[in-house]
Amino acid sequence: MRVNVTVNGVAHRVDHVWALESLLDFLRERVGLRGTKNACEQGECGSCSVYVDGVLVCSCLVAAGQVEGCSVVTVEGLGSGGEVHPVQQAFLDAGAVQCGFCTPGVIVSAHCLLARNPDPDELTVREELSGNLCRCTGYQKILHAVSLAAARAGDATMTGGCER
Amino acid sequence: MQGSGSVLRPASWGDAVLLRSQHPEASPICGGTDLMVDVNFGRARPGALLDLTAVAGIDSWELMDGGRTVRIGAGVCFARVIDELAGQCPALAQAARTVGSPQIRNRGTVAGNLATASPAGDSHPVLLACWGRVEAESVRGLRLIDIDDFFVGPKRSALEPDELIRAVRVPAATGPQQFAKVGPRNAMVIATTSFALNLDVAGRRAGTGIGSAGPTPLRARGAEQMLEEALADRWDGPRGVGESVAQEFGALVAEAASPIDDVRGSAAYRRHALAVLGRRCLSWALADLEAAGAA
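Residues numbered from 1 in each chain as written. Chains lettered and ligands numbered in written order. Predicted model: local features only at pLDDT ≥ 70, side-chain atom pairs only at ≥ 80, totals over all residues. Heavy atoms only, no water.

Caption draft 1: Focus on the overall build of chain A. Within chain A, the secondary structure is distributed over five helices and five strands. In chain A, the succession of α and β elements from N to C terminus is β-β-α-β-β-β-α-α-α-α. The globule rule puts the C-alpha radius of gyration for 164 residues at 15 Å, and the 15 Å found for chain A is close to it. Evaluated residue by residue, chain A yields a buried proportion of 53% over its 164 residues. A separation threshold of at least 6 residues defines the contact pool for chain A, and within that pool the share at least 24 residues apart is 58%. About 7000 Å² of surface is accessible on chain A, with carbon and sulfur atoms providing 49% of the total. Across chain A, the 12 positively charged side chains and the 18 negatively charged ones have centroids separated by 5 Å. (Helix = DSSP H or I, 4+ residues; strand = E, 2+ residues; numbered from the N terminus. Rg over C-alpha atoms; globule rule 2.2 N^0.38 Å. Buried < 20%, exposed > 50% of the residue type's maximum accessible area, 1.4 Å probe, protein only. Contact = heavy atoms within 4.5 Å. Areas by Shrake-Rupley, 256 points an atom, 1.4 Å probe, with all protein chains shown as cover. Lys, Arg positive; Asp, Glu negative; His and termini not counted. Charge placed at Lys NZ, Arg CZ, Asp CG, Glu CD.)

Put into structure tokens, the structure is as follows:
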């Protein structure tokens, strides 16, 4: 099966895709973007969070064939011009990374949250990140990073959209 | 691995129904939040997928019967139920808020919940309480399945092998509705047990639904009858319908359940929790009813 999809602005045409292949495996093994992590494969952990046509999803629960003609944005696609995205910078500055495995998914979710709600209260951040598990118990610094990104975004425009 | 089937992507509902009959080996998929878990863990190996996400119009909802019924297309995700239907379908929106996580709510649908037919499906108690109906369509035609006839066993529904769920019809609320769910944490939780209550003020009826406490979602008929008798001529101002009625109601809800011990909870705990959820939901709904009457 062939899949045509735009990933991070680049058009891909991939042949020999398995009908039951997940978008997660497709991104990691066919497109070579390994920032999106494979942890639970059942939508519990959020490590594989990406945008499909501007909507935040778990890529492990989307079949690759379902994104035919769609635009996918992964953690690698958030920054621009060789620079990390301000949300990523905030995670670096806040030290909101321990083992780092959950971080790409958390960053995509945080990016989605801040694109829709530039100044969320802590309860909203907790709710919106509830689909992302960190097993190093590093949530406090993650919350700090999101506040930091929100505070900085008061001055800067976020790039990329989140439709939901 | 390669070449084993394909992803069928009809652009119209007519084509989807036709493909369903022509490709019995294909599993329907929309949000994928149930099916892909089974695929990823090797529990499902469908010969092909019938992807409904490209079907025109499937992701819209509309009012019918002069606004008395909400028809929710099979592709409407839970996030949109929360954002757009909290007015007409308050308990369904409440239940939708408890589904998985933001990522799951962006993909999962009420129709998919029904197709999986898990006893723990979050929308099921609400659909029972609201007397919802399921539009099932095949090349043989469209039929409406009453929600009371839909669930026939654990993860088994009345859908025929060649049928697709096109939409779900939910009567718009005419009075207070409540949904409550118990689980070990606030997010990403499959219900240990859940309960929905619908006070249909216009129809002078009480609707209930129990989740995760039986082989299928269940209706608490005894509790409904008791409440209708207790409200009798007081639907527009339930003064005097108090704590003792709520207690009895909760007890009858627990009595209607048929729970088992499993990894999410014991039968005894589920029964206890249902008595509490039943009592609480009725207390909240009666407070809403009084507030509406006073307004």
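This is not the end of the story, as more comes after the structure.
Caption draft 2: View of the pattern of salt bridges. Residue and element names in this part refer to chain A. Across all of its chains, the model carries 23 salt bridges over all chains by this definition. A salt bridge links Arg-34 to Glu-29, with the nearest nitrogen and oxygen atoms 3.6 Å apart. Relative accessible area serves as the criterion here: at 44%, Arg-34 is assigned to the partly exposed category. Glu-29 sits in the exposed class, given a relative accessible area of 53%. (Salt bridge = Lys/Arg side-chain N within 4 Å of Asp/Glu carboxyl O.)

Caption draft 3: Region of interest: the side chain of Thr-69 of chain B. Residue and element names in this part refer to chain B. Looking at the secondary structure, you find Thr-69 in strand β5 (residues 69-73). Engagement of the side chain of Thr-69 in a polar contact is seen with the side chain of Asp-65, the distance being 2.7 Å. Filtering out sequence-adjacent residues up to four positions away, Thr-69 remains in contact with Glu-62, Leu-63, Met-64, Arg-169, Val-170, Pro-171 and Ala-172. (Polar contact = N/O pair within 3.5 Å; in protein donor to acceptor, adjacent residues only side chain to side chain.)

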